[in-house]
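Descriptive analysis of the structure
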Amino acid sequence: MAEKKIVDTAVKMNVKNFHLAKCTVKDDIITYDKPEHIIGLEEVTKTPSISSGELYGDGALRIKINKKTAYQLNINMNAIPTEWKRYMEGTKISESGVEYATSTDEAELFACGWEVEKTKGKKQMIWFLCCTAEPITDNAKQTEGNVSFSKDTLTITAVEHISHGRFYTMIDSENEKVTEEMLTDFFTKVQTGDSVEKASE
């Protein structure tokens, strides 16, 4: 009898290296600015949005199809930089430095990515390529006794843009084809293809 295969997978244990990149769409082509590393990532939850269809026949379910339509990302941060909050929400700032929000504000597109540390020295890195954020939820309260810190929560919708044909690009060092060079280069630019490229100097 053949030996049973035993699989011992590395376990996720930390998130870090949150990156954001502004993007511009022209003639259905997305171009990206240089990524910015935002310090203070605490937690990430990614949930696929599903469209489903069912076919019944002879009194029984014969076929069920589930199709991903988008991803919802819930991201908790120590703090989102003010410039990025304005960009994501589409708020305005006057020449004298006064910020204001209106009902005509439109969310701007961006890419976001992060690293997941795993046991056994492994890691996973991901870029979501076409994102918009809901108005950012922040929390501030007075200090009573011990020091209290405020946090920001991002709710992001990531879609599959026509120019890429994908929701995200990801590498995982548990895959033996992923090299150290790929891990080093991954966040130097937004990765949109089937190979990892280093940003030009």
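This one's a predicted model, so the numbers in the text were calculated from it and none came from an experiment.

**A closer look at the overall build of the protein chain**
- Along its length, the protein chain carries 2 helices and 12 strands.
- Considering only C-alpha atoms, the protein chain reaches an extent of 75 × 50 × 45 Å along its principal axes.
- For the protein chain, the proportion of its 201 residues judged to be buried stands at 32%.
- Approximately 13,300 Å² of the protein chain is accessible, and the part contributed by carbon and sulfur atoms is 47%.
- Side chains of the protein chain carry 25 positive and 33 negative charges; the gap between the two charge centres is 6 Å.

**What to know about the nonpolar core**
- Ranked by internal contacts, the top residues of the largest apolar core, which has 27 residues, are Phe18, Ile75, Phe110, Cys112 and Trp114.
- Mapped by element, the contributors of at least two residues to this core are strand S1 (12-26), strand S4 (41-57), strand S5 (60-77), helix H1 (82-89), strand S8 (110-118), strand S9 (123-133) and strand S11 (151-158).
- If we ignore the near neighbours within four places in the chain, the residues touching cysteine 112 are Phe18, His19, Leu20, Leu73, Ile126, Trp127, Phe128, Cys131 and Ile156.
- Residues Ala21, Ile171, Phe186 and Val190 belong to the second largest nonpolar core, which totals 12 residues.

**A few points about the pairing of strand S2 (residues 29-32)**
- Here 4 bridges tie S1 to S2, and the two strands are oriented antiparallel to one another. Paired with cysteine 23 across the strands is tyrosine 32, a residue of S2.

**Some details on the pattern of salt bridges**
- In this structure the tally under the stated criterion is 12 salt bridges.
- The salt bridge involving aspartate 105 is made with lysine 92; its shortest N-O contact spans 3.2 Å. One end of the pair, aspartate 105, is in the loop between strand S7 (99-100) and S8; the other, lysine 92, is in strand S6 (residues 92-93), and 13 residues separate them in sequence.
- The shortest N-O distance in the salt bridge between aspartate 194 and arginine 166 comes to 2.5 Å. Separated by 28 residues along the polypeptide, aspartate 194 in the segment after helix H2 (180-185) and arginine 166 in the loop between S11 and strand S12 (168-172) bring together distant segments of the chain.
- Salt bridges linked by common partners bring Lys118, Asp172 and Glu174 together as one network.

**Quick look at the pairing of S5**
- When S4 meets S5, the two strands line up antiparallel, connected through 16 bridges. Looking at the pairing, serine 51 lines up with lysine 67 of S5.
- Across 7 bridges, S5 lies against S11 in antiparallel orientation. By the bridge assignment for S11, tyrosine 71 is matched with alanine 158.

**Things to note about the side chain of threonine 91**
- Within the secondary structure layout, threonine 91 lies in the loop between H1 and S6.
- Polar contacts involving the side chain of threonine 91 include one to the side chain of glutamate 99, which spans 3.1 Å.
- Once you skip the residues sitting within four places of it in the chain, threonine 91 turns out to touch Arg86, Glu99, Tyr100, Ala101 and Asp105.

**Quick look at unusual backbone geometry**
- At aspartate 27, a residue that is not glycine, the phi angle is positive and equals roughly 55 degrees.
- Classification of aspartate 27 as exposed rests on a relative accessible area of 69%.
- Non-glycine residue aspartate 28 carries a positive phi angle of around 65 degrees.
- Locating aspartate 28 in the fold gives a position in the loop between S1 and S2.

**Quick notes on the side chain of aspartate 105**
- The class of aspartate 105 is buried, set by a relative accessible area of 18%.
- Only 3.2 Å separates the side chain of aspartate 105 from the side chain of lysine 92, close enough to count as a polar contact.
- A polar contact is formed between the side chain of aspartate 105 and the backbone nitrogen of threonine 102, at a distance of 2.9 Å.
- Ignoring anything within four residues of it in the chain, the contact list for aspartate 105 reads Glu89, Gly90, Thr91 and Lys92.

**What to know about the environment of threonine 153**
- Here threonine 153 shows up in strand S11.
- Taking the C-alpha atoms as reference points, threonine 153 and glutamate 181, separated by 28 residues in sequence, lie 32 Å from one another.
- If we skip the residues at most four places from it in the chain, threonine 153 touches Ile75, Asn76, Ile136 and Thr137.
- Within the structure, threonine 153 has its side chain in polar contact with the side chain of asparagine 76 (distance 3.1 Å).

Rules used in this analysis
Residues numbered from 1 in each chain as written. Predicted model: local features only at pLDDT ≥ 70, side-chain atom pairs only at ≥ 80, totals over all residues. Heavy atoms only, no water. Helix = DSSP H or I, 4+ residues; strand = E, 2+ residues; numbered from the N terminus. Buried < 20%, exposed > 50% of the residue type's maximum accessible area, 1.4 Å probe, protein only. Areas by Shrake-Rupley, 256 points an atom, 1.4 Å probe, with all protein chains shown as cover. Lys, Arg positive; Asp, Glu negative; His and termini not counted. Charge placed at Lys NZ, Arg CZ, Asp CG, Glu CD. Core = buried A, V, L, I, M, F, W, Y, C linked by side-chain atoms within 4.5 Å. Contact = heavy atoms within 4.5 Å. Pairing = 2+ DSSP bridges. Salt bridge = Lys/Arg side-chain N within 4 Å of Asp/Glu carboxyl O. Polar contact = N/O pair within 3.5 Å; in protein donor to acceptor, adjacent residues only side chain to side chain.

Geometric descriptors of this kind do not, in isolation, establish any biological role.
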